[in-house]
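Now for the letters of each chain:
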Amino acid sequence: MGKTIIAMAQINPIVGDFEGTSKKIIAYIERAKSAGADIVTFPELALCGYPPEDLLLKKSFLANNLLYIQRIQEYCSGISALVGFADSQNGLTYNAAALLSDQRLIAAYHKSQLPNYGVFDEKRYFEPGTRPLIFEIDGIRFAVSICEDIWVKESPTALSALDNKAQIDLNISASPFYAGKMKVRQAIVS
């Protein structure tokens, strides 16, 4: 098993600012490369901003997600990036994570556990994903999850990570902050 360096780019995008956010993502990819990282992760729906809400109903908004993912992937040479975006396939919309590497989109993971309480209204806009994403770098097996996917003990993501012997789960999130949240999240994950 090798050693893999993971960078976390904790950016705060503006909803709908694809041009500005993609430039920020590319700058952080370059920064992570310079630091010797193998993987750089970005927040949930980082590319389009969170929460995009009714903008997800516009075809041009969804098309921009895919267009800018293609632009960003060109900078993923010598590094892998996990970028949150809104994916659209066959008329359905997903809260997704793009795995970019070798200047291409390797795979897209679709969030399976969609929250619908408090400030969250994800079931209105997104379809739940049904397929896990497991990949390997330097002999280390990674699972990908988005926010609430990691909280549910018997979720498809958790079961797949166990079945596929993933050693690390890369979980991207964009939950609102509140005092004491870190302790709550650590308890859930442990």
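The structure contained in this document is the topic of the report that follows. This structure is a prediction, so every number in the text was calculated from the model and none was measured.

**Overview of the overall build of the protein chain**
Broken down by element type, the protein chain carries 5 helices and 8 strands. For a compact globule of 190 residues, the expected C-alpha radius of gyration is about 16 Å, and the protein chain comes in at 16 Å, within 12% of that figure. The dimensions of the protein chain, computed from C-alpha atoms along their principal axes, are 45 × 35 × 35 Å. Within the span of the protein chain, comprising 190 residues, buried residues form 43% of the whole. The long-range share in the protein chain, meaning contacts at least 24 apart out of those at least 6 apart in sequence, stands at 65%. For the protein chain, the computed accessible surface area is about 10,000 Å², with 52% contributed by carbon and sulfur atoms. In the protein chain, which carries 19 positive and 20 negative side-chain charges, the distance between the mean positions of the two groups comes to 3 Å.

**Things to note about unusual backbone geometry**
Following Tyr 50, the chain continues into Pro 51 via a peptide bond in cis, with omega recorded as 0°. Unusually for a residue other than glycine, Leu 45 sits at a positive phi of about 50°. For Leu 45, the position within the fold is in the loop between β2 (39-41) and α2 (59-73). Residue Leu 45 is classed as buried on the basis of its relative accessible area, which comes to 0%. Of note in the backbone geometry, Gln 103 takes a positive phi value of approximately 60° without being a glycine. Mapping Gln 103 onto the fold places it in the loop between β4 (92-101) and β5 (104-110). Given a relative accessible area of 45%, Gln 103 falls into the partly exposed group.

Conventions we followed
Residues numbered from 1 in each chain as written. Predicted model: local features only at pLDDT ≥ 70, side-chain atom pairs only at ≥ 80, totals over all residues. Heavy atoms only, no water. Helix = DSSP H or I, 4+ residues; strand = E, 2+ residues; numbered from the N terminus. Rg over C-alpha atoms; globule rule 2.2 N^0.38 Å. Buried < 20%, exposed > 50% of the residue type's maximum accessible area, 1.4 Å probe, protein only. Contact = heavy atoms within 4.5 Å. Areas by Shrake-Rupley, 256 points an atom, 1.4 Å probe, with all protein chains shown as cover. Lys, Arg positive; Asp, Glu negative; His and termini not counted. Charge placed at Lys NZ, Arg CZ, Asp CG, Glu CD.

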